[in-house]
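# Close look at the chain arrangement
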Amino acid sequence: MAGLHKSEFENPVIRWIDSRLPIFTMIQKEYGVFPTPRNFNYFWNFGALALINLVIMIATGIFLAMNYTPHATMAFDSVERIMRDVNSGWLLRYVHSNGASMFFIVVYIHMARSLYYGSYKTPRELLWILGVIILLLMMATAFMGYVLPWGQMSYWGATVITNLFSAFPLVGDSIVTWLWGGFSVDNATLNRFFSLHYLMPFVLVGVVFLHIAALHITGSNNPLGIEVKGPADTLPFHPYYTIKDSVGICVYFIVFATLVFFAPNYLGHADNYIPANPLVTPAHIVPEWYFLPFYAILRSVPDKLGGVLLMFGSIFVLFVLPWLDTSPVRSARFRPIYRVLFWVLVVALVVLGIAGAKPAEGIWVVLSRIATAYYFLHFLVILPILGKFERPLPLPESISRAVLSIMGGGGPLPGGAAAKPAMEKA
Amino acid sequence: MADSTAAPHAAPHAGGAEGTKRDFLKLVAAAGAAVGVGSIVWPLVNSMNPAADVLALSSTTVDLAPVVPGQAVTVMWRGKPVFVRHRTPEEIALARADDKMRLPDPAADAARVKQGMEQWLIVVGICTHLGCVPIGNRSTEVRGEFGGWFCPCHGSHYDTSGRIRRGPAPANLAVPPYAFEGDTKIKIG
């Protein structure tokens, strides 16, 4: 029949569905036999973990929304009702709030992997850019979500961050009034944040789909940073990486469960258990931990507009990273200088994170300025120059060669794999 | 080099059908995953069951003293209207007389009230057809042909014992669980 897909499945029901909508063929192709580099390390698990985390957040969020009231007079109490009266409500709430932290832990490690192994380099530039868009959507969603319980930190965090936009000349104040829907953060703001907080995750799902689609066009990077040259370099995704991902998922759940069941409020702020009071500002307004580095960058500049621009700029440089790094070598394994600088960047980000939680005084101001300076120096100055001058270590011929040489020249492997690299043209 | 590597995984598992160990592992993994999925789905689904505060509101006390004979009032119980009718002796007699009639949902009047307190009829005021609230509490309202209640939505007639007599409703007005606390107070639910 015209137009029907030629399904290869035997089961008649599956065949019927597949020939009309080839989902099974697609899954078999993209996640069954998909040739994946055989040398992945556990850092390649984190994309899958992020997807699982997203599903968990959406599921818990939907059930929380069944009991949450997005009105300024009732929001705080509705969250307490969820914690006390709703069956398993405490579990839903803690999984959702700690899930947000887990989401950022997973995504930050995922990004660090990309920075270290050069996964943002050609031909994966668009994959990387989609990832940065995902990060932005996550940050917007998390910010709005934190406002919903309408605690002191919710309210004042919303006030501080929305007030940032008043830094823009001429239109700044109108933008802020427009965001608020009033003359201060109030019920109108809460209501629209709830609506958008419910919406953003589904936009995120769409962008994640594009992100994965882009990945499947270029294929994955790998710890050696060299392209796949033939079948000897790859393994079918199932069962090798389905099983490896399952191991990763178990470890992820252990970490998640430790937070949820043994330290559910550790990453939060006690002040958010105080109902929002527009007349009393907490002594130290602190965002959630995952925003601390950006908060530190914001406060490191004495000028209001400068701080705002630099904070947004810190994400913007990520967008153009594929064009800033001029090195033809992908993986930091073969870039001895970049390798060191990568860790300096990590230290700078940790310093910024710690400084973000401190009052903007004394040594912390100095440290955050140094760390901010290094952050921008790293991306805007060092990376473009380094690529020209760095002498990389010699790259292996192929992935399979490198894997086999680790195993001592093809010892316990079946003969086929040992013989192949000798036969295939490099 | 190829022949010197006798790949150990190709040899069948000794002492059983080929691949038994792998099948066993697959089964255990699948069972574990099923338990995992169940333990995740259950709290989500159960969170939709009535919460503790909803369950706490499941009883209502009603003071009967202000309700004079011939009068009926409506109270709220579990979000539903409940008719509390102080029946006159004529109404009780009317209900008893029809006990042996062919009723759509047969029930003796004595079984629908508390012994010694037959003048008090407590029924849930929701028509058993499609859920409208029947009229007839006030003496000025239409009470239908049998002196009880009349549902204006599709024309169900209830008698002075709250039993369905005519119309599309399949069952009598429900009698909620209730108990007397003294002579002038009841607790419903």
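### Brief notes about the overall build of chain B
Scanning chain B from N- to C-terminus turns up 3 helices and 9 strands. Ordered by position in the sequence, the α and β elements of chain B form the string α-α-β-β-β-α-β-β-β-β-β-β. For chain B, whose C-alpha radius of gyration is 31 Å, the value lies well above the compact-globule estimate of 16 Å for 189 residues. With respect to the principal axes defined by its C-alpha atoms, chain B has extents near 105 × 35 × 30 Å. Once local pairs closer than 6 in sequence are excluded, the contacts in chain B between residues at least 24 apart make up 53%. On chain B, roughly 11,000 Å² of surface is accessible, and the fraction owed to carbon and sulfur atoms is 62%. Side chains of chain B carry 19 positive and 17 negative charges; the gap between the two charge centres is 1 Å.

### Examining empty space enclosed by the protein
All names here are of chain A. Applying the stated rule across the entire model yields 2 cavities of 30 Å³ or more. Here the largest cavity is characterised by a volume of approximately 60 Å³. If you trace the largest cavity, you find it lined by Ala296, Arg299, Ala355, Pro359, Ala360, Glu361, Trp364, Val365 and Ser368. Breaking the lining of the largest cavity down by element, the ones donating at least two residues are helix 11 (292–300) and helix 15 (362–389). In terms of residue count, the dominant contributor to the lining of the largest cavity is helix 15 (3 residues). Tallied by class, the residues present in the lining of the largest cavity amount to 6 nonpolar, 1 polar and 2 charged. Taken as a whole, the second largest cavity holds about 40 Å³ of empty space. In terms of lining residues, the second largest cavity is bounded by Phe76, Val79, Glu80, Arg93, Pro149, Asn272 and Tyr273. No other element matches helix 4 (residues 75–84), which puts 3 residues into the lining of the second largest cavity. Broken down by class, the residue content of the lining of the second largest cavity amounts to 4 nonpolar, 1 polar and 2 charged.

### Here's the deal with helix 11 of chain A
Residue and element names in this part refer to chain A. Judged by how many residues are buried, helix 11 sits mostly within the fold: 8 of 9 residues are covered. Those residues of helix 11 not exposed but buried are Leu292, Pro293, Phe294, Tyr295, Ala296, Ile297, Leu298 and Ser300. Where helix 11 is buried, its residues meet helix 5 (89–117), helix 6 (125–147), helix 7 (152–163), helix 12 (304–319), helix 14 (336–357) and helix 15.

### A closer look at the packing of aromatic side chains
Under the criterion given, the structure shown has 32 aromatic pairs over all chains. A centroid spacing of 6.2 Å and a plane angle of 65° characterise the contact between A:Phe9 and A:Phe24, whose relative ring orientation is edge-to-face. You can see A:Phe9 sitting in the segment before helix 1 (12–20) and its partner A:Phe24 sitting in helix 2 (residues 23–32), a full 15 residues away along the chain. Exposure remark for A:Phe24: the relative accessible area of 30% places this residue in the partly exposed category. Pairwise contacts between aromatic rings join A:Tyr31, A:Phe40, A:Trp44, A:Tyr116, A:Tyr117, A:Phe237, A:Tyr241, A:Phe342 and A:Trp343 into one cluster. The ring of A:Trp44 is capped by A:Arg113, whose NZ or CZ atom sits 4.8 Å from the centre of that ring. Its guanidinium or amino end placed over the ring of B:Trp149, B:Arg85 lies 4.3 Å from that ring's centre, counting from NZ or CZ.

### Quick word on the confidence of the model for chain B
Residue and element names in this part refer to chain B. Mean pLDDT over chain B: 88, with 90% of residues reaching 70 or higher. At the low end of the mean pLDDT range in chain B sits helix 2 (residues 52–56), at 86; at the high end sits strand 4 (residues 120–124), at 95. For this predicted complex, the interface score ipTM comes out at 0.79, while the overall pTM is 0.85.

### A word on the pairing of strand 9 (residues 185–188) of chain B
Residues and elements named next belong to chain B. Because side chains alternate across strand 9, one face comprises the buried residues Ile186 and Ile188, and the other comprises Lys185 and Lys187, none of which is buried. Two strands pair when backbone bridges link them, and strand 1 (residues 60–63) and strand 9 are joined in this way by 4 bridges, in the antiparallel orientation. The residue of strand 9 that forms the bridge with Thr61 is Lys187. In this sheet, strand 9 lies alongside strand 8 (residues 178–180) in antiparallel orientation, the contact comprising 3 bridges. Paired with Phe180 across the strands is Ile186, a residue of strand 9. Once strand 8 ends, the chain turns through 4 residues before running back antiparallel as strand 9, passing Gly182 with a positive phi of about 80°.

### Some remarks on the sheet that holds strand 7 (residues 164–166) of chain B
All names here are of chain B. One open sheet accounts for 3 strands, arranged 5-6-7; its pairing is antiparallel. What marks the edges here is a single partner per strand, and that holds for strand 5 (147–151) and strand 7. In this sheet, neighbouring strand axes are inclined to one another by 35° on average, regardless of whether the strands run parallel or antiparallel. Bridge count for strand 6 (residues 156–159) against strand 7 is 2 bridges, and the pairing is antiparallel. Along strand 7, the bridge assignment pairs Tyr158 with Ile164.

What counts, and at which threshold
Residues numbered from 1 in each chain as written. Chains lettered and ligands numbered in written order. Predicted model: local features only at pLDDT ≥ 70, side-chain atom pairs only at ≥ 80, totals over all residues. Heavy atoms only, no water. Helix = DSSP H or I, 4+ residues; strand = E, 2+ residues; numbered from the N terminus. Rg over C-alpha atoms; globule rule 2.2 N^0.38 Å. Contact = heavy atoms within 4.5 Å. Areas by Shrake-Rupley, 256 points an atom, 1.4 Å probe, with all protein chains shown as cover. Lys, Arg positive; Asp, Glu negative; His and termini not counted. Charge placed at Lys NZ, Arg CZ, Asp CG, Glu CD. 1 Å grid on protein atoms, 1.4 Å probe; cavity = no way out; pocket = protein on both sides within 12 Å on 5 of 7 lines; lining within 4 Å. Points joined across faces, edges and corners; volume = space filled by probe spheres on them. Nonpolar A, V, L, I, M, F, W, Y, C, P; charged D, E, K, R; others polar. Buried < 20%, exposed > 50% of the residue type's maximum accessible area, 1.4 Å probe, protein only. Phe/Tyr/Trp six-rings, centres within 6.5 Å; stacked < 30°, edge-to-face > 60°. Lys NZ or Arg CZ within 6 Å of the ring centre and 35° of its normal. pLDDT = per-residue confidence, 0-100. Pairing = 2+ DSSP bridges. Axes fitted to C-alpha atoms, helices over the stretch in contact; angles between N-to-C directions.

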